[in-house]
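# Fold and geometry: a report
Listed below are the residues making up each chain.
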Amino acid sequence: MSVLLAIDTSGRQGGIALANYDGEFAVVMAEAEISGGTFSAELVPEIARLLASQGLGLSAVSAIGVVTGPGSFTGLRIGLAAVKGLCEARPVPVVPVTMLELVAAVAQAEQVTTLLDASRGDAYVGNFRRCEGVCAVITEELLALAEMRVVGLTLTPDGAIARAVGAVEVPRPGAGDLALYAVRKLARGLAVVADAVDAHYIRRPDAVPGK
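Below you will find a few notes about this structure. Bear in mind the structure is a predicted one, so any value in this text is a computation, not a measurement.

On to the packing of helix α3 (residues 99-107) against helix α5 (residues 175-187). Look at α3 against α5: their axes get within 10 Å of each other, and the N-to-C directions meet at 85°. It follows that α3 is roughly perpendicular to α5 by the angle criterion. Of the residues in α5, those touching α3 at Glu101, Leu102, Ala105 and Val106 are Asp177, Leu178, Tyr181, Arg184 and Lys185. Of the residues that constitute the contact of α3 with α5, the class distribution is five nonpolar, no polar and four charged.

Core analysis: the largest hydrophobic core is formed by 32 residues, its most contacted members being Leu4, Tyr21 and Tyr181. A total of seven residues in this core trace back to one element, the largest contributor, which is α5. Other than its neighbours up to four places away in sequence, tyrosine 21 contacts Met1, Ser2, Val3, Leu4, Ala26, Ser62, Ala63, Val183 and Leu186. Ala30, Ala32, Phe39 and Ile64 belong to the second largest nonpolar core, which has 28 residues in total.

To continue, consider the sheet that holds strand β6 (residues 111-117). Here five strands make up an open sheet; going across it, the order is β8-β7-β6-β9-β10 and the pairing mixed. Where the open sheet ends on each side, the last strands, each with one partner, are β8 (134-144) and β10 (168-169). Of the pairings in the sheet, the one linking β6 to strand β9 (residues 154-156) comprises two bridges and is parallel in character. Paired with threonine 113 across the two strands is threonine 154, which belongs to β9.

All right, on to the state of the cysteines then. Under the defined criterion, the tally for this structure stands at zero disulfides. Of all cysteine sulfurs in the structure, the one in cysteine 135 sits closest to cysteine 131, which takes part in no disulfide; the separation is 9.9 Å. When its relative accessible area of 42% is taken as the criterion, cysteine 131 is described as partly exposed.

Our focus in this paragraph is the layout of surface pockets. By volume, the largest pocket is sized at about 680 Å³. Around the largest pocket, the lining comprises 27 residues; the ones closest to its centre are Ser10, Gly11, Arg12, Gln13 and Arg172. Residue assignment for the lining of the largest pocket shows that the elements contributing at least two residues are β2 (13-22), β3 (25-35) and β6. Sort the elements by how many residues they give to the lining of the largest pocket and β2 lands first, with four residues. Of the residues assigned to the lining of the largest pocket, the class counts are nine nonpolar, nine polar and nine charged. Looking at the second largest pocket, its volume works out to about 200 Å³. For the second largest pocket, the full set of lining residues is Pro96, Thr98, Glu101, Phe128, Val134, Cys135, Ala136, Val137, Glu140, Lys185, Leu190 and Val192. Sort the elements by how many residues they give to the lining of the second largest pocket and β8 lands first, with five residues.

Analysis parameters
Residues numbered from 1 in each chain as written. Predicted model: local features only at pLDDT ≥ 70, side-chain atom pairs only at ≥ 80, totals over all residues. Heavy atoms only, no water. Axes fitted to C-alpha atoms, helices over the stretch in contact; angles between N-to-C directions. Helix = DSSP H or I, 4+ residues; strand = E, 2+ residues; numbered from the N terminus. Parallel < 35°, antiparallel > 145°, perpendicular 65-115°, else oblique. Contact = heavy atoms within 4.5 Å. Nonpolar A, V, L, I, M, F, W, Y, C, P; charged D, E, K, R; others polar. Core = buried A, V, L, I, M, F, W, Y, C linked by side-chain atoms within 4.5 Å. Buried < 20%, exposed > 50% of the residue type's maximum accessible area, 1.4 Å probe, protein only. Pairing = 2+ DSSP bridges. Disulfide = S-S within 2.5 Å. 1 Å grid on protein atoms, 1.4 Å probe; cavity = no way out; pocket = protein on both sides within 12 Å on 5 of 7 lines; lining within 4 Å. Points joined across faces, edges and corners; volume = space filled by probe spheres on them.

None of the figures reported here should be taken as evidence of function without further support.
Structural data, given as structure tokens:
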């Protein structure tokens, strides 16, 4: 059995998880939540603690799954920097997953639309089609809530968005869900090298004055 490390720093609360896997078969070994305000200080130490809780070191990790967005600009940067730092010490395949995709994957529907709160009266919107156990993206975009029309199965982990547009509210996937889904993508060759992973903000970060 091999070990995959899953990292999600896209939201107000983040998390990490470890999964044993053999091909597509995977079992979550352990997971831990991390508060968004402590990502920079706690992410890497928490990864070390989680590995140590299973009697493992970094050398045991054979792949990493990471949420690449959309979400907190700072949180995403911290998570991806950690992934790239870990892969400098020991290069392993990295499986990028958007949170929109992960919501769709947990639903296990053939075709689904997923929504995330983007604030400012907007929502991140993803349309996916299930293909061989993974979710193929049709579109991922930013839309104003006032312009949205719900058609077909539409899911969101954000209660305010569900009420605003009539979508179905579902639990936000955790790091354990990410680990299991990343293993499925890994088995289908949908991994990249760490240097090829980038944040998928959808909304551009606000411009910095003078830059």
